[in-house]
Amino acid sequence: MGSGEAQSPKKLVNLDKYSAMKGLSLLTIAVIGVVIVRAQADGPQATTASGVVQGTVEPSGVHSFKGIPYAAPPVGDLRFKEPQPVVSWQGIRKTQAFGPRAMQLPIYSDMKFRSDGMSEDCLYLNVWAPASGSHLPVLVYFYGGGFVCGDGSEYRYDGESMAKRGVVAITVNYRLGVFGFLSHPDLTKESVHHASGNYGLLDQHAALEWVQQNIAAFGGDPGRVTIAGESAGSISVCAQMASPLSKGLFQGAIGESGGLTGNIKPVMLDTAERYGAAFAARLGNKSITDLRAMSANDLLQATAKGARFATVIDGYFLPEAPDEIYSAGNQMKVSLLAGWNSAELPFGVIVGAVPTVEGYDAAVRKLYGDNADEVLSLYKATTAEEVKQAGTDLATDRFIAYSTWKWIDRATATGGKPVYRYLYAHPRPPAAGMSGAQAPALGAGHSWEIEYALGNLHTNTVYAWTADDDKVSAMMEAYFANFIKTGDPNGRGLPTWTPMKAMGSEIMVIDVHTHAEKEPHPERYRWLDGGN
């Protein structure tokens, strides 16, 4: 925050100058320019386009604003519709506690929420900002969770550490599961865009529009926005880059494990509509009106037996498949930093409790049939120990690494902007309080890098963090912060990271001894990509 000065994309407004203008309301001032309000004893205030919000001064001095609405509650008739504008409020809105998380089933035990319960009314975001400054770089982070769970209140996504590095950090809640991705023929008919589904992605888009309109009030520069995310959040970043709706809303992108490319693809609208109609039929041929009338919890529980709703080539948010958009160079041309972890799915392609060469061979032949010999030559294993690594490598690539590789490949070929690629390889330490011998990790598992990258190791008390972990975290967070600030991760004291020139060139391996090396297995991804 500033010291009583207001900033907008066009001008600065000094509140002291206007204090004598008794007839001029804050709402009127907000029309002149987005206003930063002088910090108050009970919390800093900022004036957004919808009204004044009041946050908290954290012990570090960072200003936080939690639970700011960026769209109208998507309830009642707004269920299964694209997000609508926030209704303005009078007076001061307290934004000192996280809003509710999106409707979701309890799936992953490592998700530690600070949210105010769970509700369909979930379209809130959180801002952490330095106590002073203007035109600061902005990070907008989308959480992971397979588009079925997750929340911006999770400790691992906390933005305070990034704010201490001079970045205005934001986490965004978006709709999940049936609430965020149901397609149905009747929904398509009622849409002015003749589209349905992708509401969760449209929520993210609405949040990015909110950033453009309001972030100057928190010291941020709407012309220096980087979006980022992990897993489903990374897939979201890939999708936002591909969408024609997002052009001009951000200048950089960070993807951690996942792209909406390669083997992770959106479905065609007619396919999604048929799936949605079949889901409604299983509930008793319910109409869209009936589905909207169901309680949020009843609708959520109706998905508990495995109903999953995919991202959609809807003709609106995604006019065609991202693979095609990136191949044609029609994505947003922004700098990209992206990569994956070395053991996203440990022991993923192994048959039986004890890994054997025979079991691995059988598993690969079941998966690939006539092409199994090629796979076994690319992911070779001649001993039980080699099976552990080969099975992990193959499962990692099949799960999410290949989709990320494909995204990076296409962005490098057609984006015209620097692309920085990494392999995160640092394993977590043992859980705190664990005794006895621990089986050595084969690498870094899925999502293990989040706390390191965002400077939040010590918000996670499960693990016995070491000096090496702090070293890796400081380096990775510095790379991320530099990229957010300049579009280039390089900085003083960091190993030099060169941008991609072509696939098969160097990759930055992030570990205790971070270094660049030649990509070890480009032939695997070329094979997975059909040899193209």
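Keep in mind the model is a prediction, meaning the values are calculated, not measured.

In terms of regular secondary structure, the chain is built from 17 helices and 19 strands. When burial is assessed residue by residue, the chain has 57% of its 532 residues classed as buried. Summarising the internal contacts of the chain: among those between residues at least 6 apart in sequence, 75% fall at separations of at least 24. Summing over all exposed atoms, the chain offers an accessible surface of approximately 21000 Å²; the carbon and sulfur share of this is 54%.

What follows is about the sheet that holds strand S19 (residues 515-518). Spatially, 11 strands are ordered S6-S7-S9-S11-S10-S12-S13-S16-S17-S18-S19 in an open sheet, and the strand pairing comes out mixed. For this open sheet the edge positions go to strand S6 (56-57) and S19, each flanked by a neighbour on one side alone. For strand S12 (residues 220-230) and strand S13 (residues 252-256), the ladder comprises 5 bridges, and the chain directions are parallel. Its bridge partner lying in S13, threonine 226 is registered against glycine 252. Its contacts with the sheet put helix H7 (residues 232-242) on strand S10 (136-142), S12, S13 and strand S16 (335-341), and the angle it makes with S12 is roughly 130°. Packed on one face of the sheet, helix H14 (residues 384-414) meets S13, S16 and strand S17 (419-424) and runs near 160° to S16.

Mean pLDDT over the chain works out to 91, with 90% of the residues at or above the 70 mark. Taken as a whole, residues 1-38 scores under 50 in pLDDT and shows 77 contacts with residues more than four places along the chain or in a different chain.

Orientation of helix H6 (residues 199-214) relative to H7, taken along the N-to-C sense of each, is 70°, at an axis distance of 11 Å. Classified by the angle their axes make, H6 and H7 are roughly perpendicular. Residue-level inspection shows Leu201, Gln204, His205 and Leu208 of H6 in contact with H7, the latter providing Ser236, Ala239 and Gln240.

Right, let's get into the pattern of salt bridges. For the coordinates displayed, the defined rule picks out 20 salt bridges. As a salt-bridge pair, arginine 526 and aspartate 409 come within 3.7 Å of each other at their nearest N and O atoms. With arginine 526 in helix H17 (residues 522-528) and aspartate 409 in helix H14, this pair connects stretches of sequence that are 117 residues apart. In this structure arginine 526 comes out as partly exposed when scored by relative accessible area, which is 29%. Accessibility expressed as a relative area gives 5% for aspartate 409, which makes it buried. Taken together, the shared-partner salt bridges connect Asp110, Glu154 and Arg156 into one network.

Right, let's talk about the pairing of strand S4 (residues 43-48) for a bit. Burial within S4 is extensive, with 6 of its 6 residues counted as buried. Relative to strand S5 (residues 51-54), S4 is paired through 4 bridges, and the arrangement is antiparallel. Bridged to threonine 48 within S5 is glycine 51.

A separate point is the pairing of S5. In sequence, S4 turns back onto S5 through a hairpin of 2 residues. Of the pairings in the sheet, the one linking S5 to strand S8 (residues 92-94) comprises 3 bridges and is parallel in character. Paired with valine 53 across the strands is arginine 93, a residue of S8.

Let us look at the environment of serine 335. As for its placement among the helices and strands, serine 335 is situated in strand S16. Judged by its relative accessible area of 11%, serine 335 falls in the buried class. On a C-alpha basis, the gap between serine 335 and glutamine 251 in space is 7.0 Å, while along the polypeptide they are 84 residues apart. Residues in contact with serine 335, not counting those within four places in the same chain, are Gln251, Gly252, Ala253, Lys417, Pro418, Phe483 and Gly487.

Following both chains from N to C, one finds helix H12 (residues 357-368) and H14 inclined at 25°, their axes separated by 9 Å at the closest point. Between H12 and H14, the angle is such that the two are roughly parallel. Crossing of H12 over H14 shows left-handed handedness. Together, Val357, Tyr360, Val364, Leu367 and Tyr368 of H12 and Ala384, Val387, Ala390, Gly391, Leu394 and Arg398 of H14 make up the contact between the two elements. Classifying every residue of the contact of H12 with H14 by side-chain character gives 9 nonpolar, 1 polar and 1 charged.

Glancing now at the environment of lysine 164. With respect to the element layout, lysine 164 can be found in helix H3 (residues 160-164). In this structure lysine 164 comes out as exposed when scored by relative accessible area, which is 57%. Spatially, the C-alpha atoms of lysine 164 and glycine 61 are 8.5 Å apart, while their sequence positions differ by 103 residues. In contact with lysine 164, not counting residues within four places along its chain, are Ser60 and Val62.

About the criteria used
- Residues numbered from 1 in each chain as written.
- Predicted model: local features only at pLDDT ≥ 70, side-chain atom pairs only at ≥ 80, totals over all residues.
- Heavy atoms only, no water.
- Helix = DSSP H or I, 4+ residues; strand = E, 2+ residues; numbered from the N terminus.
- Buried < 20%, exposed > 50% of the residue type's maximum accessible area, 1.4 Å probe, protein only.
- Contact = heavy atoms within 4.5 Å.
- Areas by Shrake-Rupley, 256 points an atom, 1.4 Å probe, with all protein chains shown as cover.
- Pairing = 2+ DSSP bridges.
- Axes fitted to C-alpha atoms, helices over the stretch in contact; angles between N-to-C directions.
- pLDDT = per-residue confidence, 0-100.
- Parallel < 35°, antiparallel > 145°, perpendicular 65-115°, else oblique.
- Salt bridge = Lys/Arg side-chain N within 4 Å of Asp/Glu carboxyl O.
- Left-handed = near helix turned anticlockwise from the far one by under 90°.
- Nonpolar A, V, L, I, M, F, W, Y, C, P; charged D, E, K, R; others polar.

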